[in-house]
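# Secondary and tertiary structure notes
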Amino acid sequence: MLRIDQNKERPGEDTAVAIGTFDGMHRGHQQILWRLKQAASRQGLATAVYTFSGIPGAVLGKKTGALFTKSEKQAAFAAQGIDYLWMQKFTRELADMPAEAFVDFLLSALRARVIVVGYNNTFGKDARGTPRFLQEYAGARGAKVYIEKPVEWEGEPVSSTRIRELLLHGEPARAAQLLGEPYAFHARVEHGKRLGRTIGFPTVNFYVPEGKLCPKRGVYISSVEYRGRKYAGITNIGMRPTVDDGDTVNIESHMIGFAGDIYGEEVCVRLFQYLRGEVKFQNVEGLRHQLSEDREGALSFFQKGKSMR
Ligand SMILES: Cc1cc2nc3c(=O)[nH]c(=O)nc-3n(C[C@H](O)[C@H](O)[C@H](O)COP(=O)(O)O)c2cc1C
Ligand SMILES: Nc1ncnc2c1ncn2[C@@H]1O[C@H](COP(=O)(O)OP(=O)(O)OP(=O)(O)O)[C@@H](O)[C@H]1O
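A brief structural summary. Predicted, not measured: the structure shown is a model, and the values here were computed from it. What you see as residue numbers is a count from 1 along each chain, following the sequence as written. To read the labels, note that chains go from A and ligands from 1, taken in the order they are written. Restriction of local features to residues with pLDDT of at least 70 applies here, the model being predicted, together with a cutoff of 80 or more for giving and counting side-chain atom pairs; totals for whole chains, interfaces and linings are based on all residues. With hydrogens and water excluded, all non-hydrogen atoms of the structure serve as input to the side-chain values.

## A few points about the packing of aromatic side chains
- Stacked, tilted and edge-to-face are the three classes assigned to paired rings of Phe, Tyr and Trp, where Trp is represented by its six-membered ring and a pair needs centres within 6.5 Å; plane angles under 30 degrees give stacked, over 60 edge-to-face, the rest tilted. Throughout the structure, instances matching the rule amount to 18 aromatic pairs.
- Counting every residue linked through ring pairs, the aromatic cluster contains Y50, F52, W86, F90, F102, F105, F123, F133 and Y137.
- By the criterion adopted, a ring carries a charge over it if an Arg CZ or a Lys NZ lies within 6 Å of its centre and within 35 degrees of its normal. The positively charged end of K144 is found above the aromatic ring belonging to Y146, 4.9 Å away from the centroid.

This is the structure in structure tokens:
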């Protein structure tokens, strides 16, 4: 996959292009990319995606985090086998761009001969770039436009907004149904207080990456992937009131059955089920007792045959 927003690189061939924010690469997004690849291969075109590095809501005043960091989004498109990726920083100027100018850009700079969008895609000033507008304007200029019907779950369209709300309400299992896989953090392990190991629960610690959505605070059944191996785990998202009086949210996972120092290494933590809220215990012994129960909860969850994917 080639990033074509950098160094003035452009596709050297005609393309089929999909447009949208694609935050989370949920099942609706997967359907769009399936159609993109199908249309491209039928017509002998390369595949391209025009997307944003953040989420438009963050620029337009909504204070919600995104499901993907920039690098997670780039990795998701690479995994989908997309040939060319244009990742644009979303700005107010971009939001005010006339819809015609945006389509002209797709046709000329990205060499779009096919354009694929979902039923609800809009772009350009005053959201005038509707699927119908696209069909008329791009169609008159020789491009074929595909408009995908909504992919639904429990009778409502799957959307990034809906997934963010589920995660903020502590419903990671339902979020995973819409995403097609559990919500994940890819992070580098940071130093903790080294207290965990003294109570029999060493943890990997990191902070929520800037701009990424922090799910409801509390304790989760999770898995931790490290060097290609997945461990059952328990993860706390919170401020550790028993041992810390700081006010920064931190993510900590205990990997069941793992021993070793992995500071500075990359891990992937996936959230499966919300167990409980964070509690301020009278003493560390109370915390240790609760952590043993949390671990039992995680072990029986995975013993029931749940996959760690
Ligand atoms: C699964 C899990 C659940 C936790 N639950 C709580 C909690 O309810 N209350 C709390 O004060 N700290 C909680 N913690 C944080 C512990 O206080 C912390 O992991 C421990 O002190 C070790 O810190 P360290 O990694 O900096 O050494 C939890 C940690 C984990 C991994
Ligand atoms: N459930 C869905 N079914 C089919 N296509 C979809 C679905 N959701 C989004 N799309 C399409 O996928 C592309 C990228 O979607 P985009 O990320 O912009 O919207 P979204 O997932 O609905 O997010 P939000 O909730 O923030 O509006 C767009 O063309 C959009 O129309």
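## Describing the site of ligand 1
- Distances are taken per atom, and a residue is near a molecule or strand as soon as one of its heavy atoms is within 4 Å of it. Taken together, the neighbourhood of ligand 1 is formed by 22 residues, with K193, L195, T203, T242 and V279 sitting nearest.
- Counted as a polar contact is a pair of N or O atoms within 3.5 Å, where, for protein atoms, one must be capable of donating a hydrogen and the other of accepting one, and residues adjacent in sequence contribute only when both atoms are in side chains. Between ligand 1 and the protein, one listed contact pairs an oxygen atom with a side-chain N or O atom of R240 at 2.7 Å.
- The backbone of P241 places a nitrogen or oxygen atom 3.1 Å from an oxygen atom of ligand 1.
- Using a 1.4 Å probe, accessible areas were evaluated by the Shrake-Rupley method; residue-level cover was limited to the displayed protein chains. Bound to the protein, ligand 1 loses 98% of the 620 Å² it would expose on its own.
- Taken atom by atom, the bulk of ligand 1 overlaps the second largest pocket.
- Strands here are runs of E lasting at least two residues and helices are runs of H or I lasting at least four, both read from the DSSP assignment and numbered beginning at the N terminus. Of all the secondary-structure elements, those providing two or more residues to the shell around ligand 1 are strand 12 (229-238) and helix 9 (284-303). Lining residues are defined by having an atom within 4 Å of a point belonging to a cavity or pocket. Those points lie on a 1 Å grid over the protein atoms alone, cavities being sets where a 1.4 Å probe fits but cannot get out and pockets being open sets with protein on both sides within 12 Å along at least five of seven lines. If over half the atoms of a molecule are within 2 Å of the grid points of a cavity or pocket, the molecule is regarded as sitting in it.

## Side note on the site of ligand 2
- Not every one of the 21 residues close to ligand 2 is listed here, only the nearest: H26, G118, N120, V151 and T161.
- Side-chain polar atom of N121 to an oxygen atom of ligand 2: 3.3 Å apart, as the coordinates give it.
- Cavity membership is defined here by more than half of the atoms lying within 2 Å of grid points; on that basis ligand 2 lies in the largest pocket.
- When residues of the shell around ligand 2 are traced back to their parent elements, those giving at least two are helix 1 (27-43), strand 5 (112-118) and helix 7 (160-168).
- Note that Gly is not counted as nonpolar here; it falls among the polar residues with everything else outside the nonpolar set of Ala, Val, Leu, Ile, Met, Phe, Trp, Tyr, Cys and Pro and the charged set of Asp, Glu, Lys and Arg. Of the residues that constitute the shell around ligand 2, the class distribution is eight nonpolar, eleven polar and two charged.

## Considering the side chain of N121
- For N121, the position within the fold is in the loop between strand 5 and helix 6 (131-139).
- Of note is the side chain of N121, whose polar atom sits 3.5 Å from the backbone oxygen of I19.
- Residues count as neighbours in contact if any of their non-hydrogen atoms are within 4.5 Å of one another. With residues up to four places along the chain from it excluded, the contact list for N121 reads I19, G20, G129, T130 and P131.

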